[in-house]
Amino acid sequence: MDDKPLEMTDVMFRFAAGGSLTLKEARTKLHEDAYLRPVTETLAKLCGMDPKDTDALKKRVTDLLAGSDPKSNRDSVGRKVRIWMSEKPQYISKKSAVNLLFALGMTAKDAGEALQRLCGESFHWRDPEDIVYLFALERGMSWAEVCALQERMAPLCAKAKSGDTGEMTENVRREASRLKTEEELEAFLSDAAPRLGVFHNTAYQLFMGFMDLLKSSETDDYLSDERKMTVSEILETYLYRNLIPKAKGGEGKKKGGAGVLKDAIQRDIQQNWPDEFTLARMTSREIDVNRKALILLFMACDGGESDYGDYYSDGSEDDVFEDSYARLSSMLSDCGFPPLDSRTPFDWMVLYCLAADDTVEIDENVARFLSAIFRGGDGEEDK
């Protein structure tokens, strides 16, 4: 993956990463130009249609999904598509997204980016069900054929899902991408079952390394040498939990226009923000490490002592930003997470805070940014 931004001319990227906006200007710019891409636009792009022609788009998507599955009820499919396009969600379920990719006859290569746009997730090469999907995409199977294949492979997938070794995704990808026949797929899922699983191992190893580093951080002078930071203290000190309010339903709808956008920006930043309970469950591997938690921990540690750590101390502010951006992008790619998208509020915040000049630490910049978004403060520089 190219470490440079995919679209260097993107206006939002340039504003976020330019390093020249005051905090007040950054907040204003985000409210003016933040773009929460609705599913309608993604569907139109994938179908090669005008998103404004909603009736034609609804019919096209309904035809694709209903036509791909002989067992489906067209009326039920139509209602689902209308919900996607009327309530303007950003994402649909992963299964529905994969169904549409097969109905469109996409290749495995093109399907990865489309899946990220549709449901905010990537294919995971250690997940046995995703391996079956990717195998079927490479062979140009229909949705009905892949459903039948998944059913035949279900016992092996169930066994493989319990695997929880330290196997890295890239190792599995190299082997699984060479499979040519269903017999080879079946043999692979059977033999590799102990090495497969639904969790991201690379992300988990990084997560644990970042957490351990923060727990024993030498910067916390108020702690005695005998005591490590608690998870609660890490949340308050490094993950800004006290600045993230609990979600409030309906506020944006009552306010209309600007209120809806403000509410949507806050929801995008709030969603999946880690708390003590979720961090504990990630640590015990009850749930997978999510993208947002990993990004926040990366920023708190600046990559820590991992392969994505800061080993570039010299250079201009632009050089330092490019290095930070490259390291973060590489980490996300290696973990199988979507890259930064400067048109979404949380990712825009990340870019803006990474571009902080050397007089303002990243963690201070994040805290001030969150305060501006949720509490209306603009920071000392704007007083």
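Structure shown above.
A brief report on the enclosed structure follows.

Scoring rules and cut-offs
- Residues numbered from 1 in each chain as written.
- Predicted model: local features only at pLDDT ≥ 70, side-chain atom pairs only at ≥ 80, totals over all residues.
- Heavy atoms only, no water.
- Helix = DSSP H or I, 4+ residues; strand = E, 2+ residues; numbered from the N terminus.
- Buried < 20%, exposed > 50% of the residue type's maximum accessible area, 1.4 Å probe, protein only.
- Contact = heavy atoms within 4.5 Å.
- Areas by Shrake-Rupley, 256 points an atom, 1.4 Å probe, with all protein chains shown as cover.
- Phe/Tyr/Trp six-rings, centres within 6.5 Å; stacked < 30°, edge-to-face > 60°.
- Core = buried A, V, L, I, M, F, W, Y, C linked by side-chain atoms within 4.5 Å.
- Expected span 1.5 Å × (residues − 1).
- Axes fitted to C-alpha atoms, helices over the stretch in contact; angles between N-to-C directions.
- Parallel < 35°, antiparallel > 145°, perpendicular 65-115°, else oblique.
- Left-handed = near helix turned anticlockwise from the far one by under 90°.
- Nonpolar A, V, L, I, M, F, W, Y, C, P; charged D, E, K, R; others polar.
- Polar contact = N/O pair within 3.5 Å; in protein donor to acceptor, adjacent residues only side chain to side chain.

**Examining the overall build of the protein chain**
Helices and strands together make up the secondary structure of the protein chain, namely 20 helices and 0 strands. Taken over 383 residues, the protein chain has a buried fraction of 46%. Here the analysis covers contacts within the protein chain between residues at least 6 apart in sequence; of these, 67% occur between residues at least 24 apart. About 19,500 Å² of surface is accessible on the protein chain, with carbon and sulfur atoms providing 48% of the total.

**Concerning helix α3 (residues 39-47)**
Taken together, the buried positions of α3 are V39, T40, T42, L43, A44 and C47. Packed against the buried residues of α3 are α4 (54-68), α5 (74-86), α6 (94-103) and α7 (108-119). G48, located one to two residues past α3, shows a positive phi value of around 65°.

**Concerning the packing of aromatic side chains**
On inspection of all chains with the given rule, the structure shows 8 aromatic pairs. With a centroid separation of 6.3 Å and 55° between ring planes, the pair formed by F102 and Y133 is classed as tilted. Pair noted here: F102 is in helix α6 and Y133 is in helix α8 (residues 128-138), with a separation of 31 residues, a long-range link. No difference in accessibility class separates F102 from Y133, as the two residues are buried.

**Considering the nonpolar core**
With 59 residues, the main nonpolar core has L294, M331, F369 and L370 as its most contacted residues. Core analysis: the second largest hydrophobic core is formed by 51 residues, C47, M85, M106 and V132 among them.

**So, α4**
The end-to-end C-alpha distance of α4 is 21 Å, a good match for the 21 Å that 15 residues give at a rise of 1.5 Å each. Buried residues of α4: L57, V61, T62, L64, L65, A66 and S68, and no others.

**A closer look at the packing of α8 against helix α11 (residues 182-191)**
The contact between α8 and α11 brings their axes to 12 Å, and the two run at 165°. In terms of their interaxial angle, α8 and α11 are classed as roughly antiparallel. Our pair here, α8 against α11, has a crossing hand that is right-handed. For the pair α8 and α11, contact is made by P128, I131, V132 and F135 and by E182, L185, F188 and L189, respectively. By residue class, the composition of the contact of α8 with α11 is 7 nonpolar, no polar and 1 charged.

**Some thoughts on unusual backbone geometry**
Positive phi outside glycine occurs at N272, with the angle close to 65°. The residue N272 is located in the loop between α15 (257-270) and α16 (276-283) in this model. In the Ramachandran plot, D302 falls in the positive-phi region, its phi being about 55° despite a non-glycine side chain. Its place among the elements puts D302 in the loop between α17 (291-301) and α18 (317-335). According to the relative accessible area criterion, D302 is partly exposed, its value standing at 21%.

**Notes on the packing of α6 against α7**
Between two packed helices, both the angle of their axes relative to each other and the distance between the axes serve to describe the pair. Closest axis-to-axis distance for the α6/α7 pair is 9 Å, and the angle between their directions is 140°. Taken together, the axes of α6 and α7 are oblique relative to one another. Along this stretch, α6 crosses α7, giving a crossing that reads as right-handed. Contacts between α6 and α7 pair K94, A97, V98, L100 and L101 from the former with A111, A114, L115, L118 and C119 from the latter.

**Let's talk about the environment of G105**
You can see G105 is positioned in the loop between α6 and α7. Judged by its relative accessible area of 56%, G105 falls in the exposed class. Residues G105 and G140 lie 35 residues apart in sequence; the distance between their C-alpha atoms is 6.7 Å.

**Observations regarding the side chain of K292**
The residue K292 is located in helix α17 in this model. Within polar-contact distance, the side chain of K292 engages the backbone oxygen of D268 at 2.7 Å. The residues touching K292, leaving out its near neighbours within four places in the chain, are D268, I269, Q270, Q271, N272, W273 and F346.

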